[in-house]
Each structure stands twice: as structure tokens, then as C-alpha cells.
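One letter stands for each residue in the lines below.
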Amino acid sequence: MLQEYDLTQLIQPLCGWFLQNARKLPWRDDPTPYHVWVSEIMLQQTRVEAVKNYYTRFIKALPDISALAQCEEDVYLKLWEGLGYYSRVRNLHAAAVQVMEEYDGRIPDDYGTLLKLKGIGSYTAGAIASLAYEKPEPAVDGNVLRVLARVSADDTDIMNPSFRKETEQRLRALLQYCCERTGSNEKNNGQEAGSFSPRVFNQALMELGALVCVPNGAPNCEICPWKDLCRARKMELTDRIPVRTKKKERRKEEKTILLIRDGDKIALHKRPAKGLLAGLYEFPNKEGHLSESQVISLVRSMGYSPLRIKRLTDSVHIFSHVEWHMIAYSVLVEEEAFATKEQKQRAAMEELVFADAKEQKEHYALPSAFAAYRKDI
Ligand code: SF4
């Protein structure tokens, strides 16, 4: 069990292994609080390889907290386009405004204060405090829970909040003990010979979970720095630990996507300010799978005159809690020719914008849920 496992024995092999094997990642070159924050938010629910280019582009466009705080919604959503979980960037922006207004533009170094910022939970607060400021704070995510459950052969459900709490407490005590014992802490930035660095330790723990004690498939115990200390390996329990409650099944939703064309332009619609994919652009769509004739009537009711209709390929997009099962139609409409005043009013009520491929690419953030139809613009 984790409770009675001696964690101090893990430090040296882990940190030594990390210094030899750490990946070179763009956010590790210059771990300022802003860089750590942006990268950690991007890395939530997203693979490292997918984040690299987004991170570089985001930091180039918005190099500091002040630039982020002043950024327009459409611009930061565009920079996030395709990364998913867009509430992350909304919260990032809201918190940047908060830092400018309440903390004079300086990202706090205190764990408790960091928790008051929008979108920052215990993991991100710990990551900023330790990676950017060398504070003895833990950064516990799924990787950390898994590797510690395995090394101590703890069969508690790692999704249980009490296991997370206990892991955080044990790691915090360990980090504080190490910093006090070596006399090293944030004051020397972990650079002194023989000093203990919370940054190195926390990154090493995450790296071990990402590269060696992996979440999917068998762990690579033969190359693990803890192979002689790991109880799950000795007891041959690596296929049973960690124990994790099953996630709820995702809800399935049927949708009909409309690519309404007017010349070389296509209709886009801004999603509501709240809820899934809030504030992003989408192709107009309706619940359910509609037939060709239903789509023609629908497009007419929107105030447009359909000239030609074509069924496109079906696609599925999976979010964390819901799946969209989409069918789609390309509908060519008569160029700005509203037969009646009423038709024109109805079209205006739909609040569609018509953009060509270049305009869409440059200005309108279209989530990857619609990626299958982007090529049809
Ligand atoms: S020895 Fe194997 S199971 Fe144990 S921590 Fe290392 S990789 Fe994970």
C-alpha cells in the first residue's frame, strides 16, 4: 500500500534516470511560469506530440501574460483550433485577465493563490509552483497516480479522490523533507550541486509515466529505474494495478451537417457562448439524420433557394462524454437571390456568415469535430 511504502528510496534512481532520458520539449527550454502554465493546460487530455506545434505557435502569437489578457476571443480560439476542450483556453484567457488585474501581471508562486485562478486545479497549481518556482509542491495527474500505485502495489481505485489526496499529501511531505534536508529550495533554483530540485523530481515522475510505466499496454519494466523497488512487478500484478473504475458510456447523438454554398463561399455559424465548443464556428447542422427532401425544405425555411444537393460521406467524432454520428449534405444555393423580403429576414435570423476557404482558415476557428468536411469547403 502507498501509505506504508518508503518513497525516499525512489528519488535517486528516478532523478538520475530522468537526467539521462528526458525528452527535449519546447516548454522545457525556458520554464517561466507563463510557459509552464500554457504548456500544462495544453497537455491536459492531449498527447505531447500533438501539443508541440500548438505550443510554439501560441507562444509566438501571445508571448506573455499581458498579450494573452488583451487577446480577442476569435484570435485565441483560432490558435487553439483542433486542440479540443476549448474551455481550457477560455479559462486561460480569463485567468490571464485576473493575473493582470489582481496580481500586477505576475503569476503567483503560491500554491493556494494559484488555485484561485480560473481553470487551475491542484495539478496545474502544483506544476506551476514546482516547475517554474521550484516550490516543494506535488503535481499529481493520472500518470503519477498510476506509477505510485504500481510501485507500492496499492490496489485502491486510483479514481477515488481519497487516493489522490493521500498521494498529494505523501509527495508534498517528501518534497518538503528533501528540500529541508539538502538545504536547497527555490532560492537557488535547484541548480546547486547536490541540491534537490522539485522541478526535476516532478518532471521525472511524469516522464516515467509517459515513457516507461505507460497507461496503455504493458509497462516497460526492464528499462525502469524502479524495477528493483517495484512491488507490482515483483508480485506480477502490473496487469491488475492500477485499479480504475470504468468510465460511463458515452451518449450517442445523430446530426445532419449542412455545407451551404453560395458561389465559392460556405455558410458558417457561431456556436453559443456557453456549452460544448462554445464560441467556435460550425457548419449549420440539425439534430437527427435528415433525408434529402427534409434538407431541401430546411434550407428553404432558412431563407435560401437550393439549386443542387449532394450527400457527403458520413463521419463520427468522439468527445469525452458524447459521440456525434454525422451525415452531411453539400447544398448549392442561389447566389444572394432572396425571392421575398420574408426569405431575406429568415436568412438574417440564422446569423450565418459566408466565408471562402482562405477566410475560414485565417479567421474562423472550426473545431476538429468538423474536420471530415473541411476538405469540402
Ligand atoms: S517496474 Fe514496471 S510497473 Fe513498476 S514502476 Fe517500473 S514500469 Fe511501472
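Residues numbered from 1 in each chain as written. Predicted model: local features only at pLDDT ≥ 70, side-chain atom pairs only at ≥ 80, totals over all residues. Heavy atoms only, no water.

**Focus on the overall build of the protein**
The following threshold applies: Going along the chain from the N terminus, every DSSP run of H or I of four or more residues is numbered as a helix, and every run of E of two or more is numbered as a strand. Buried, partly exposed and exposed residues are distinguished by accessible area as a fraction of the type maximum, computed with a 1.4 Å probe on protein chains only: under 20%, between the cut-offs, and over 50%, respectively. Whether two residues touch is decided by their heavy atoms; if any such pair falls within 4.5 Å, the residues are in contact. All accessible-area figures derive from a Shrake-Rupley calculation using a 1.4 Å probe, and residue coverage is judged against the displayed protein chains alone. When charges are counted, Lys and Arg contribute as positive and Asp and Glu as negative, whereas His and the chain ends are disregarded. In this description, the location of a charge corresponds to atom NZ of lysine, CZ of arginine, CG of aspartate or CD of glutamate.
On a plain count of helices and strands, the protein comes out with 16 helices and 7 strands. Put simply, the protein has 377 residues, and 50% of those count as buried. Restricting to contacts in the protein with at least 6 residues of sequence separation, those with at least 24 account for 70%. Of the roughly 19,000 Å² of accessible surface on the protein, 49% is carried by carbon and sulfur atoms. Side chains of the protein carry 53 positive and 52 negative charges; the gap between the two charge centres is 3 Å.

**Quick word on the site of the ligand**
Cut-off, in case you're wondering: Residues are classed as near a molecule or strand on a simple rule: at least one heavy atom within 4 Å of it. In this count, Pro and Cys sit with the nonpolar residues alongside Ala, Val, Leu, Ile, Met, Phe, Trp and Tyr, while Asp, Glu, Lys and Arg are called charged and the others, Gly among them, polar.
Close to the ligand lie R150, V212, C213, P219, C221, C224, W226, K227, C230, R233 and T238. Residues that form the shell around the ligand fall into these classes: 7 nonpolar, 1 polar and 3 charged.

**Thoughts on the packing of helix α5 (residues 73–80) against helix α6 (residues 87–102)**
In a packed pair of helices, the relevant descriptors are the angle between the two axes and the axis-to-axis distance. As a reminder of what qualifies: Only the contacting stretch of a helix is used when fitting its axis, a line to C-alpha atoms as for every element, and angles between N-to-C directions run 0 to 180 degrees. For classification purposes, angles smaller than 35 degrees are called roughly parallel, those larger than 145 roughly antiparallel, those between 65 and 115 roughly perpendicular, and all remaining angles oblique. Crossing handedness: left-handed means the near helix sits turned counterclockwise from the far one by under a right angle, and right-handed means the same turn made clockwise.
Look at α5 against α6: their axes get within 10 Å of each other, and the N-to-C directions meet at 135°. Comparing the axis directions of α5 and α6 gives the class oblique. By crossing handedness, the relation of α5 to α6 is classed as right-handed. Here E73, Y76, L77 and W80 of α5 come into contact with α6, specifically with R88, V89, R90, L92 and H93. For the contact of α5 with α6, the residue count by class is 5 nonpolar, 1 polar and 3 charged.

**Structural notes on the packing of aromatic side chains**
What characterises a pair of aromatic rings is the spacing of the ring centres plus the angle enclosed by the ring planes. The criterion, for reference: Centres within 6.5 Å are what make two rings of Phe, Tyr or Trp a pair, Trp counting through its six-membered ring; a difference in plane orientation under 30 degrees is then read as stacked, over 60 as edge-to-face, and the rest as tilted. For a ring to carry a charge above it, either NZ of a lysine or CZ of an arginine must fall within 6 Å of the ring centroid while also lying within 35 degrees of the normal to the ring plane.
Inspection of the entire model under this criterion finds 8 aromatic pairs. With 5.4 Å between their ring centres and 75° between their planes, W27 and Y55 make a pair best called edge-to-face. Taken together, the residues span a long stretch of sequence, with W27 in the loop between α1 (8–21) and α2 (33–43) and Y55 in helix α3 (residues 48–61) at a distance of 28 residues. Of the residues examined, W27 reaches a relative accessible area of 7% and is grouped as buried. Here the aromatic cluster, defined as three or more aromatic residues joined through ring pairs, consists of F283, F319, W324 and F370. Cation over ring: R172 sits above Y111, and NZ or CZ is 5.0 Å from the ring centre. Looking at K255, its charged tip hangs above the ring of W324, at a distance of 4.7 Å from the centre.

**Side note on the confidence of the model for the protein**
Stated formally: pLDDT measures the predictor's confidence residue by residue and takes values from 0 up to 100.
Summarising the model, the protein shows a mean pLDDT of 91, and 93% of its residues fall at 70 or more. Mean pLDDT values over the elements of the protein span from 66, in helix α14 (residues 341–349), up to 98, in helix α4 (residues 65–70). For residues 187–191, every residue scores under 50 in pLDDT, and the model assigns this stretch 10 contacts once sequence neighbours within four places are set aside.

**A few points about the nonpolar core**
Burial of nonpolar side chains together is a common tendency in soluble globular proteins. The condition is simple: For our purposes a nonpolar core is just a set of buried Ala, Val, Leu, Ile, Met, Phe, Trp, Tyr and Cys residues, chained together by side-chain atoms within 4.5 Å. All the domain ranges listed were derived from an automatic or database domain assignment.
Core analysis: the largest hydrophobic core is formed by 63 residues, its most contacted members being Y34, W37, M42, F58, W80, I107 and F283. For this core, the element with the most residues is α2, which contributes 7 residues. A domain-level breakdown of this core finds at least three residues from each of domain 1 (7–234) and domain 2 (251–374). Here W80 is in contact with I41, M42, Y54, F58, Y85, Y86, R88, V89 and L92, once residues within four sequence places are set aside. Ranked by size, the runner-up nonpolar core spans 38 residues in total, among them W17, V200, C230 and A232.

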